[in-house]
Amino acid sequence: MSDWRGWVPRAWSLALALLLLGPALGPGHLLTYDMVWVPDLAVRPDVWGVGSGLPRAVPSDAVVAVLDEVVPGALLQKPVLLGALVGGGLGAARLVPGDSLAARLVAVAVYQWNPFVTERLLLGHWPVLVGYAVLPWVLLAGRRWRETGRLPASLLVLAPLGCLSASAGLATAVALLAVAAGGRRTAPALALALAANLPWLVTGALHAVDARTDAAGAELFALGPDGVLPPPLAALVLGGVWNGEVVLPSRDGVLAWLGLVVLVVLAAAGARRWVRTSARRDVVALVLCWAVGLVLALLTWAAPDAVGWLAAHVPGAGLVRDGSRLLVLCAPLVAVLAGCGAAALLARAAGPTTGTTPRVVLAGVLAAAPVTLMPDAALGLSGRLEPTTYPASYAAARDAVDGAGPGDVLALPLSSYRQPWWNHDRKVLDPLPRHLPRDVVASDELVVSDVTVAGEDPRVREAAAALAAPTPGERADRLAALGIGLVALDRLAPGTAPAVAGEVLLDTEELLVVELPGAVDRPVRTSWVVAAVLAWTTWLAVVLGAPGLALARALRGRRRRPETAPGRGPETGPETST
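Everything quoted here is computed from the prediction, not taken from an experiment.

Peer 1: Could you give me a rundown of the overall build of the protein, with the residues and numbers involved?
Peer 2: Scanning the protein from terminus to terminus reveals 23 helices and 9 strands. Against the globule reference of 25 Å for 578 residues, the protein gives a C-alpha radius of gyration of 26 Å, in line with a compact fold. For the protein, the C-alpha atoms occupy an extent of roughly 90 × 65 × 45 Å along the three principal directions. Counting only residues that meet the buried cut, the protein has 52% of its 578 residues in that class. Put simply, 78% of the contacts in the protein that link residues at least 6 apart link residues at least 24 apart.

Peer 1: Let's hear about the environment of D305: which residues, and what values?
Peer 2: Mapping D305 onto the fold places it in helix 15 (residues 304–313). A C-alpha to C-alpha distance of 7.1 Å links D305 and A218, two positions 87 residues apart in sequence.

Peer 1: Kindly report on the side chain of T300, identifying the contributing residues and their values.
Peer 2: Looking at the secondary structure, you find T300 in helix 14 (residues 280–302). Accessibility expressed as a relative area gives 1% for T300, which makes it buried. Polar contacts involving the side chain of T300 include one to the main-chain amide nitrogen of L223, which spans 3.0 Å.

Peer 1: Lay out the pairing of strand 9 (residues 511–515) in plain terms, naming residues and giving numbers.
Peer 2: Summarising burial for strand 9: 5 of the 5 residues are buried, a large majority. Judged by which residues are buried, strand 9 turns out to be covered on both faces: L511, V513 and E515 on one side and L512 and V514 on the other are all buried. The sheet contact formed by strand 7 (residues 484–490) and strand 9 spans 5 bridges and is antiparallel. Note that in strand 9 the partner of D490 across the bridge is L511. Bridging between strand 8 (residues 503–507) and strand 9 involves 4 bridges; their strand directions are antiparallel. Bridging from a neighbouring strand, D507 pairs with L512 of strand 9. Where strand 8 folds back on strand 9, the antiparallel hairpin that results is connected by 3 residues.

Peer 1: Account for the packing of helix 16 (residues 331–349) against helix 17 (residues 356–373), naming residues and giving values.
Peer 2: For the pair helix 16 and helix 17, interaxial distance at closest approach is 10 Å and the crossing angle is 160°. With respect to each other, helix 16 and helix 17 are oriented roughly antiparallel. Every pair of crossing elements has a handedness; the one defined by helix 16 and helix 17 is right-handed. In contact with A342, L346 and A349 of helix 16, helix 17 contributes R359, L362, A363 and L366. Class assignment for the residues of the contact of helix 16 with helix 17 results in 6 nonpolar, no polar and 1 charged.

Peer 1: Quick one: what's the story with the pattern of salt bridges, residue by residue and with numbers?
Peer 2: The final tally for this structure, using the stated rule, is 17 salt bridges. Between R143 and D282 there is a salt bridge, with its nearest N and O atoms 3.1 Å apart. With a gap of 139 residues between them, R143 in helix 6 (residues 126–148) and D282 in helix 14 connect regions that are remote in the sequence. Given the relative accessible area of 21%, R143 is considered partly exposed. A residue is classified by how much of its surface remains accessible, and D282, at 10% relative accessible area, is buried. Salt-bridge contacts for E386 lead to R426; the nearest nitrogen and oxygen are separated by 3.9 Å. Highlighted residues: E386 in the loop between helix 18 (378–383) and helix 19 (392–402) and R426 in the loop between strand 2 (417–418) and strand 3 (428–429), separated in sequence by 40 residues. Residue classification places E386 among the partly exposed residues on the basis of a relative accessible area of 34%.

Peer 1: Can you explain the confidence of the model for the protein? Please cite residues and give values.
Peer 2: On average, residues of the protein score 92 in pLDDT, and 96% of them are at 70 or above. Overall, residues 564–578 carries pLDDT values under 50, and its contacts beyond four positions in sequence, including any with other chains, amount to 3 contacts.

Peer 1: Residue-level account of unusual backbone geometry, with values.
Peer 2: Cis geometry marks the peptide bond from V58 to P59; its omega dihedral reads 5°. Position of P59 among the secondary structure elements: in the loop between helix 1 (3–21) and helix 2 (60–67). In the segment running from L412 into P413, the intervening peptide bond is cis, with an omega of -5°. Within the fold, P413 resides in the loop between strand 1 (408–412) and strand 2. One non-glycine residue with positive phi stands out, namely S382, at about 60°. Tracing the backbone through its elements, the reader meets S382 in helix 18. Of note in this structure, H424 is not a glycine but carries a positive phi near 60°. The residue H424 is located in the loop between strand 2 and strand 3 in this model.

Peer 1: Which residues make up the sheet that holds strand 9, and what are the values?
Peer 2: Taken in spatial order, the 5 strands line up as 4-1-7-9-8 in an open sheet, and their pairing is mixed. Of all the strands in the sheet, the pair left with one neighbour each is strand 4 (440–441) and strand 8. The strands touched by helix 19 within the sheet are strand 1, strand 7, strand 8 and strand 9, with strand 9 carrying the most contacts at an inclination of about 5°.

Peer 1: Lay out a positive patch on the surface with the relevant residues and their values.
Peer 2: A cluster of basic residues, R150, R556, R559 and R560, forms a positive patch at the surface. Of note, R150 is situated in the loop between helix 6 and helix 7 (155–161).

The rules we used
- Residues numbered from 1 in each chain as written.
- Predicted model: local features only at pLDDT ≥ 70, side-chain atom pairs only at ≥ 80, totals over all residues.
- Heavy atoms only, no water.
- Helix = DSSP H or I, 4+ residues; strand = E, 2+ residues; numbered from the N terminus.
- Rg over C-alpha atoms; globule rule 2.2 N^0.38 Å.
- Buried < 20%, exposed > 50% of the residue type's maximum accessible area, 1.4 Å probe, protein only.
- Contact = heavy atoms within 4.5 Å.
- Polar contact = N/O pair within 3.5 Å; in protein donor to acceptor, adjacent residues only side chain to side chain.
- Pairing = 2+ DSSP bridges.
- Axes fitted to C-alpha atoms, helices over the stretch in contact; angles between N-to-C directions.
- Parallel < 35°, antiparallel > 145°, perpendicular 65-115°, else oblique.
- Left-handed = near helix turned anticlockwise from the far one by under 90°.
- Nonpolar A, V, L, I, M, F, W, Y, C, P; charged D, E, K, R; others polar.
- Salt bridge = Lys/Arg side-chain N within 4 Å of Asp/Glu carboxyl O.
- pLDDT = per-residue confidence, 0-100.
- Patch = residues over 30% accessible without salt bridge, like charges linked within 9 Å, V, L, I, M, F, W, Y side chains within 5 Å.
- Areas by Shrake-Rupley, 256 points an atom, 1.4 Å probe, with all protein chains shown as cover.
- Lys, Arg positive; Asp, Glu negative; His and termini not counted.
- Charge placed at Lys NZ, Arg CZ, Asp CG, Glu CD.

Spelled out as structure tokens, the structure:
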């Protein structure tokens, strides 16, 4: 492919990402549902997975906590989001066989502009989107490994990067094993997948006693409709999120049906071309990934009771209860088939009487179809992705907690989400715990459609029991006995919180911070620390192994390069053609 043709998909991917994010790239922190970035996430025990709650944000929180020591969170967040979109689109383009420019442009658009991306972006699942972006590149690197027998150094970075959350890590592992495993590569591929997921696997195992989730969540989080599309059809277009609040209005009308028809027609038109022009193992790998993702997603819809039973009785099984999140594995095949379908349609249109202009117009229409059929995703999902600025009281609360006596922090009221005026009245997971420099005990209950899904953190239950004591002094004493030395109250949050006796360190319109007497630091078990250190050391060794492997191969290649006489080229015969 000529230079300009190679740059067109990159420009198209960047343009789509900028159009999609829009105001989200502006100054400030983008806070939406589970996406809570702060100026400086403290490097504290819970980011490593040894806090009292389940390590839901391992290893993503630790990575951010380390990186934002160098780059402020508000700045770091922007390239992460932009890179996830652009990286995913370009990876999808690389997966398309052949050299059709139109096919690559369509694959980029389908991979970047779809319900999965918009809904996960609005839900704030940025580690899932990073894993989504990495997935095509893992497939490509795995293919090189299979074809050459040499482990690509890039895969040592891609695999851990694709495992920043537990669900993304499972998808990355499935893709890696699907494309690379076989023969003598099976054990190394399995070992790499395991090492890339080790931080959350090990720290999750440390919390195995509390890792069973409320069965009520299975039906709530199951694959659902995508606007007017019923769940099975929603899965085909990578939709079906459980939270109807994040579904765009365009999914409730005829555009959703047109989008389904266009995608199915392109996939049907491109299937034969894709199979004919791809290696058999590549076909098997993509189909296997698609099948695993689709079956698991449909299972949450068809048998929520069975999924709920697994989540309630098998530690860690709650990972599969979010049906639409599992569709991440379906996306590579969907994008590739759409791209091949576009190439096939353009090939059929290239008759002796057909000029270049009609084919160019058709290619442009196909490449822009995802945007045209979901126009309200543009400009930050029609303005729903707008950064904000934290009130000054949050920085003051951090300073107050940092200078206080021993003990963790209890965040009140005991509810998970907030909808403060300073965040444009948009819902977000309580941002105060991430602002503070100590471990925070915060509610992990979730209320969906008036149904409460119980949390798993035992310290939250213990703190709630302590707050039920009859007097502020007794509440303070019982909390201090649990290792809680401070109480931080969000005055803008709905709900009530009982008074707790102590010294007031901060009292503002938004926040109240009270220090409790008699608290001591909660010790972290030595066995937990040792296990976590080993897991993180292994994970980091994989990442750092990439430049080491690349350097070793470069040095080996230099030593093996044949010497040439001065003024002569390599020995290729009496004459060397240029």
